[in-house]
Each structure stands twice: as C-alpha cells, then as structure tokens.
Amino acid sequence: MSDRISSFVIPRFYQTAIALGSNLGDSAETLEKALQTLDHIPEIRVKRRSSWYKTAPIGPAQPDYLNACALLEVQLTPYQLLQTLLNVENQFGRVRQERWGPRTLDLDLILFEDFILETPDLQVPHPRMSERAFVLVPLAEIAPHWIDPISGKTIAELLEQVERSGAVT
Ligand SMILES: Nc1ncnc2c1ncn2[C@@H]1O[C@H](COP(=O)(O)OP(=O)(O)OP(=O)(O)O)[C@@H](O)[C@H]1O
Ligand SMILES: Nc1nc2c(c(=O)[nH]1)N=C(CO)CN2
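Residues numbered from 1 in each chain as written. Chains lettered and ligands numbered in written order. Predicted model: local features only at pLDDT ≥ 70, side-chain atom pairs only at ≥ 80, totals over all residues. Heavy atoms only, no water.

The name given to the chain in an unreviewed UniProt entry is 2-amino-4-hydroxy-6-hydroxymethyldihydropteridine diphosphokinase, with the source organism recorded as Limnoraphis robusta CCNP1315.

## Quick look at the overall build of the chain
Along the chain, the regular secondary structure elements total five helices and eight strands. Written out in order from the N terminus, the α and β elements of the chain read α-β-α-β-β-β-α-β-β-β-α-α-β. Counting only residues that meet the buried cut, the chain has 44% of its 169 residues in that class. Residue pairs in contact within the chain that sit at least 24 positions apart in sequence constitute 67% of those at least 6 positions apart. Carbon and sulfur atoms form 52% of the exposed surface of the chain, whose accessible area is close to 9,300 Å². (Helix = DSSP H or I, 4+ residues; strand = E, 2+ residues; numbered from the N terminus. Buried < 20%, exposed > 50% of the residue type's maximum accessible area, 1.4 Å probe, protein only. Contact = heavy atoms within 4.5 Å. Areas by Shrake-Rupley, 256 points an atom, 1.4 Å probe, with all protein chains shown as cover.)

## Let's talk about the site of ligand 2
Ligand 2 sits among ten residues. The nearest are Thr55, Ala56, Ile58, Asn67 and Asp106. At a separation of 2.7 Å, a nitrogen atom of ligand 2 approaches a polar backbone atom of Ile58. The contact in question runs from an oxygen atom of ligand 2 to an N or O atom on the side chain of Asn67, over 2.8 Å. In the shell around ligand 2, the residues fall into six nonpolar, two polar and two charged. (Near = heavy atom within 4 Å. Polar contact = N/O pair within 3.5 Å; in protein donor to acceptor, adjacent residues only side chain to side chain. Nonpolar A, V, L, I, M, F, W, Y, C, P; charged D, E, K, R; others polar.)

## Focus on the packing of aromatic side chains
The description of two aromatic rings rests on the distance between their centres and on the angle between their planes. Applying the stated criterion across every chain, the model contains three aromatic pairs. Members of the aromatic cluster, each reached through a chain of ring pairs, are Tyr14, Phe112 and Phe115. Sitting over the ring of Phe13, Arg45 keeps its end group 4.1 Å from the ring centre. (Phe/Tyr/Trp six-rings, centres within 6.5 Å; stacked < 30°, edge-to-face > 60°. Lys NZ or Arg CZ within 6 Å of the ring centre and 35° of its normal.)

## A look at helix H3 (residues 78–91)
Because each turn of an α-helix spans 3.6 residues, side chains separated by three or four positions end up pointing in the same direction. With 14 residues, H3 extends 20 Å from end C-alpha to end C-alpha; this agrees with the ideal 20 Å at 1.5 Å per step. If you follow the buried residues of H3, they end up packed against strand S1 (14–22), helix H2 (27–39), strand S2 (44–49), strand S4 (65–74), strand S5 (106–112) and strand S6 (117–118). After H3 finishes, the residue Gly93 shows a positive phi value of roughly 80 degrees. (Expected span 1.5 Å × (residues − 1).)

## Some details on the environment of Arg48
In this structure, Arg48 sits in strand S2. Between the alpha carbons of Arg48 and Ala143 there is a distance of 9.2 Å; along the sequence they are 95 residues apart. Contact partners of Arg48, with chain neighbours within four places excluded, come to Cys69, Ala70, Leu71, Glu141 and Ile142. Among the polar contacts made by the side chain of Arg48, one reaches the main-chain carbonyl oxygen of Ile142 at a distance of 3.3 Å.

## Looking at the pattern of salt bridges
In the structure shown here, the tally under the stated rule is six salt bridges. Glu29 is paired through a salt bridge with Lys33; the nearest N and O atoms lie 3.3 Å apart. Taken as a pair, Glu29 and Lys33 lie in helix H2 at a separation of four residues, close to a single helical turn. Owing to a relative accessible area of 40%, Glu29 belongs among the partly exposed residues under this scheme. (Salt bridge = Lys/Arg side-chain N within 4 Å of Asp/Glu carboxyl O.)

## Quick word on unusual backbone geometry
Following Val124, the chain continues into Pro125 via a peptide bond in cis, with omega recorded as -5 degrees. With respect to the element layout, Pro125 can be found in the loop between strand S7 (123–124) and helix H4 (133–142). Positive phi, normally seen in glycine, also occurs at Glu113, with a value near 45 degrees. Locating Glu113 in the fold gives a position in the loop between S5 and S6.

## Let's talk about H2
Taking 1.5 Å as the rise per residue, H2 with 13 residues should run 18 Å; its terminal C-alpha atoms sit 18 Å apart, in good agreement. Those residues of H2 that sit buried are Ser27, Thr30, Leu31, Ala34, Leu35 and Leu38. Mapping the buried residues of H2 onto a view down its axis gives an arc of 130 degrees, with all of them on the same face. (Arc of directions from axis to C-beta.)

And the structure:
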C-alpha cells in the first residue's frame, strides 16, 4: 500500500500567460466569455486578468482590436494547453482566413514558466511577443517582473523598447 502511495505523482501546476484578441462581433463579451470558459476547465485556473485595451490593428486594414492578457495556472502540458486554446477559439466561431486578418477570438500562448519550446506547431515564448505593444501593455499590467527566457529581460523592460501609442485602455 505504502509503495502505491509513494509512486503516485500529483501533477504540478504550471504558471502561464496567454494573450486574447478580438475585432469581430461583441469583442468585450467574447473576451469575458472566453476567460469564463477557460476557468471552467478543471485543469485551468484563471488567476489574473488585465484590463481590456483598444488597439490599432497590426497587419491588413481591419477594425480596431480589443486585447487583453491573463495569467493561468494549468495542470496541462504546453501542447495540451495550445490545443485547448485552439478548441476555445473554434467554439467562439473563429474562422481562419488571411494571415493576421480579423477574428472573433484569438488566443495565443505567450509564456509557459521559463520554458523555451521551438517546434513546428508551438513556439514558446510566443515568437512575436517582444515586438507587440498589444501583448506587452496588458501583460505588463499583470506580470511586469516575469522574465522572458529568450532575452533575459522583464516584460516591463521589453515594453520600454516598443512603440506603445497604438494601445489605449
Ligand atoms: N505560442 C503560440 N501560441 C499560439 N499558437 C501558436 C504558438 N506557437 C505556434 N502556434 C501555431 O500558430 C498557428 C496559427 O495561429 P494563429 O492563426 O492564431 O496565428 P495568427 O494569430 O494569425 O498570427 P500570430 O501567430 O502572429 O499571432 C496555431 O495553429 C499554432 O499551431
Ligand atoms: N492590434 C492588434 N493587431 C493584431 C492582432 C491583435 O491581437 N491586436 N492580432 C493579429 C494576429 O495575431 C494581427 N494584428
């Protein structure tokens, strides 16, 4: 009996940061419901969320975005979390059309502990994180001291290096 108990491994919780974006439909409601949906998944706890930021679109001409970031505790691997985020995007009617085009809901995995993953389907930290004010402004609100394992800089330091005028609360 004691052998069985000692070999039982309780899966640990991992700290992760995600970015949310929407520029089609009722974006505020979509972001709110997306976070509720994630929080209802047994392996995910939403620990903190940023304000919603209205941001100018990067990429092709399209409506302004509403962007936000959230900190999650997950009992999932990075790949399981990515699949979960893609499933929730689909649940909210995400249709993949042009690259960087408009969308009802975009969920990106930004940071997963201090892991660096560079696989064809998943790159963590998100490869375009450090150039995007629409990610860094909300993330700096809730996790300014989190260190990007690629650059060794904090989120607050990365934010100092980008032009942030397109992101307004
Ligand atoms: N960290 C990550 N977070 C989310 N998706 C990722 C990540 N790394 C790789 N991907 C892959 O990117 C694919 C396309 O994602 P998506 O359609 O959301 O891109 P995009 O939002 O148009 O552009 P961008 O990646 O620049 O934000 C996903 O299916 C996923 O396999
Ligand atoms: N402001 C803003 N622009 C974007 C966004 C986004 O979330 N916000 N997402 C994109 C594709 O990931 C492309 N452009």
